[in-house]
Amino acid sequence: MSVWDDLVGQEKVSAVLEAAARDADALVTAAAADEPLPEASKMTHAWLFTGPPGAGRNQAARAFAAALQCVSPDRALGGTPGCGFCDGCHTALLGTHADVTTVAAVGAEILVRDMRDTVRKSFTAPANGRWQIILVEDAERLNEKSANAVLKAVEEPAPRTVWLLCAPSIEDVLPTIRSRCRHLNLRTPSVEAVADMLVRRDGIEPEVAASVARATQGHVDRARRLATDPAARERRTAVLKLPLRLDEVGACLRAAQELVDAAAEDAKQLAEEMDGKETEELRAALGASQGGRMPRGTAGVMKDLEDMQKRRRTRTQRDSLDIALGDLTAFYRDVLALQLGTRVAIANADAEDALERLARASSPESTLRRIEAIAACREALDRNVAPLLAVEAMTMALRAG
């Protein structure tokens, strides 16, 4: 199973990356033998992966990173880099390869202090891999200072360094950065492709796979989570019942509180899983004894970790809320489809009774206003409005129609 098998419905992107990985292999071989570099190479030092949520931007970038680090002996026989089984592929896909550095936003932004060490590392030679690879998963979250740090590194990269940037759209990245990258745009996979992947790769029953793929409209990660996590299915079911409960002001406020509390619980669970482990690992690295006091001069390091964990909890809560808002948007889109007389693309077939009830009780104009209210809530959350305040305003608008 090659690394390209993870790219669901992205055949054109896979073909481009395969060709680039072959040329990258030739570049490394030529440099090692002190031979002239091949002409018209499809390989370049910086790549920008864009596409809608769920299209697989990060997966495509990580698969490419694995192919660049592939050490399969089949390459010498003409095999495609990216076997998926060798040590280079395996560690790159898992995120443990010494020469593949991943940068992801912990909070709302990627701060310049989060990028300094990474930018410094980008100017060093690979430790034991074929390339020094920097994968920025949330390039749209680079703030002005961190984006400028990346720009300097992309303008004059080291000979064996590759930058892989991922963002929702090309407009989300500074023009000065994107002009120095090769751009690949991923499309949303078809419902059929996602369902086939769930059956083939995860052993999901075909009926369940088709249902969750349709419900998530081709969002690969969310479809897999719905198919494998009962708690995720329960949360989605609760969200889809919310529009029928908004018959009075008190019900709107209660529904908003429940949505925010559920998102906070998600963040708390993640914190419990990660924060304690990170804290103990850092204490051990700084030389603290088991249950003992921290050595002198380490308080600042511990405070930095606590700040990072706090930013991650805030982002996790808002990401969880965004998933719920996405489910609500899909629900009202289905209501609008019924009001306009089409059933072709109904995503939430399991909630058809509720969809028909709301479709009969309201007009297409009011449904569009409700969809706009959800979009306004998402924008408010992006502007750091208090989650409860933003969601309460949305539920009141949903009631008014």
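See the structure printed just above.
Below: a short report on this structure. Everything numeric in this text was worked out from a predicted model, so none of it was measured. For every chain, the first residue of its written sequence is number 1, and the numbers climb from 1 along that sequence. Only residues with pLDDT of at least 70 get local features here, since the model is predicted, and only at 80 or more are side-chain atom pairs given and counted; chain-wide, interface and lining totals rely on the full set of residues. Side-chain measures were taken over the full set of non-hydrogen atoms in the model, leaving aside hydrogen atoms and water.

**Some points on the packing of helix H7 (residues 191–202) against helix H9 (residues 220–228)**
Next up, step 1: Axis separation between H7 and H9 bottoms out at 10 Å; the angle between their running directions is 55 degrees. Classified by the angle between their axes, H7 and H9 sit oblique to one another. Crossing hand, H7 versus H9: right-handed. Seen from H7, the contacting residues are Val194, Met197, Leu198 and Asp202; seen from H9, they are Val220, Ala223 and Arg224.
Next up, step 2: Class assignment of the residues belonging to the contact of H7 with H9 gives a composition of five nonpolar, no polar and two charged. Axis definition: a line fitted to C-alpha atoms, limited for helices to the stretch in contact. Angles are taken between N-to-C directions and run from 0 to 180 degrees. Only runs of H or I of at least four residues qualify as helices and only runs of E of at least two qualify as strands under DSSP, and these elements are numbered from the N terminus. What sets the label is the angle itself: under 35 degrees gives roughly parallel, over 145 gives roughly antiparallel, 65 to 115 gives roughly perpendicular, and the rest give oblique. Each crossing gets its handedness from the near helix: less than a right angle anticlockwise from the far helix is left-handed, clockwise is right-handed. In what follows, residue pairs with any heavy atoms lying within 4.5 Å of each other are defined as contacts. Residues are grouped as follows: nonpolar covers Ala, Val, Leu, Ile, Met, Phe, Trp, Tyr, Cys and Pro; charged covers Asp, Glu, Lys and Arg; every other residue, Gly included, is treated as polar.

**Examining the nonpolar core**
Next up, step 1: The criterion is simple. A nonpolar core is a set of buried Ala, Val, Leu, Ile, Met, Phe, Trp, Tyr and Cys residues joined through side-chain atoms within 4.5 Å. For every residue, the accessible area obtained with a 1.4 Å probe (protein chains only) is divided by the maximum for its type, and the residue is called buried under 20%, exposed over 50%, and partly exposed between those limits. Counting 36 residues, the largest nonpolar core has Leu17, Met43, Trp47, Phe49, Phe64 and Leu164 as the members making the most contacts within it.
Next up, step 2: For this core, the secondary structure elements donating two or more residues are helix H1 (11–32), strand S1 (46–50), helix H2 (57–68), helix H3 (87–94), strand S3 (132–136) and strand S4 (161–167).
Next up, step 3: Among all residues touching Phe49, those that are not within four sequence positions of it are Leu17, Arg57, Ala60, Ala61, Phe64, Leu164, Leu165, Cys166, Ala167, Leu184 and Leu186.
Next up, step 4: Ranked by size, the runner-up nonpolar core spans 34 residues in total, among them Val239, Val260, Ala263 and Leu325.

**Digging into the side chain of Asn143**
Next up, step 1: Inspection of the secondary structure puts Asn143 in the loop between S3 and helix H5 (144–155).
Next up, step 2: For Asn143, a relative accessible area of 18% corresponds to the buried category.
Next up, step 3: Within the structure, the side chain of Asn143 is placed 3.2 Å from the backbone nitrogen of Lys145, a separation counted as a polar contact.
Next up, step 4: Other than its neighbours up to four places away in sequence, Asn143 contacts Glu109, Ile110, Leu111 and Val112. Polar contacts here mean pairs of N or O atoms no more than 3.5 Å apart (in protein, one a potential hydrogen donor and the other a potential acceptor; neighbouring residues in sequence count only if both atoms are side-chain atoms).

**Here we look at helix H15 (residues 387–400)**
Next up, step 1: One less than the residue count of a helix, multiplied by 1.5 Å, gives the span that helix is expected to have. The end-to-end C-alpha separation of H15 is 20 Å, in line with the 20 Å expected for 14 residues at 1.5 Å each.
Next up, step 2: The complete set of buried residues in H15 reads Pro387, Ala390, Val391, Met394, Thr395 and Leu398. Mapping the buried residues of H15 onto a view down its axis gives an arc of 130 degrees, with all of them on the same face. Away from its buried face by more than 90 degrees, H15 exposes Leu389 and Ala400. Directions from the helix axis toward the C-beta atoms define the arc.

**Describing a negative patch on the surface**
Next up, step 1: Two joining distances apply to patches: 9 Å for like charges and 5 Å for nonpolar side chains (Val, Leu, Ile, Met, Phe, Trp, Tyr), and every residue must have over 30% relative accessible area and no salt bridge. Accessible areas in this description were obtained via Shrake-Rupley with a 1.4 Å probe; residue shielding takes into account the shown protein chains only. Salt bridge, as used here, is a side-chain nitrogen of Lys or Arg placed within 4 Å of a carboxyl oxygen of Asp or Glu. Only four residue types enter the charge count: Lys and Arg as positive, Asp and Glu as negative, with His and the chain ends excluded. In this description, the location of a charge corresponds to atom NZ of lysine, CZ of arginine, CG of aspartate or CD of glutamate. Taken together, the side chains of Asp261, Glu265, Glu272 and Glu273 define an acidic patch exposed on the protein surface.
Next up, step 2: Assignment of secondary structure puts Glu273 in helix H11 (residues 249–285).

**Thoughts on the pattern of salt bridges**
Next up, step 1: Using the criterion set out here, one finds 14 salt bridges in the structure.
Next up, step 2: Its salt-bridge partner being Arg62, residue Glu137 comes within 3.7 Å of it at the nearest N-O pair. With Glu137 in the loop between S3 and H5 and Arg62 in helix H2, this pair connects stretches of sequence that are 75 residues apart.
Next up, step 3: Residue Arg62 is classed as buried on the basis of its relative accessible area of 13%.
Next up, step 4: A salt bridge links Asp229 to Arg225; the shortest N-O distance between them is 3.7 Å.

**Some words on the state of the cysteines**
Next up, step 1: We call a pair of cysteine sulfur atoms a disulfide whenever their separation is within 2.5 Å. With the rule as written, the count across this model stands at zero disulfides.
Next up, step 2: Free cysteine: Cys86, not disulfide-bonded; nearest cysteine sulfur from Cys83 at 3.6 Å.
Next up, step 3: According to the relative accessible area criterion, Cys86 is buried, its value standing at 12%.
Next up, step 4: Left unpaired, Cys377 is separated from the closest cysteine sulfur, that of Cys252, by 13 Å.
Next up, step 5: Overall, Cys377 belongs to the buried group, its relative accessible area being 3%.

Geometric descriptors of this kind do not, in isolation, establish any biological role.
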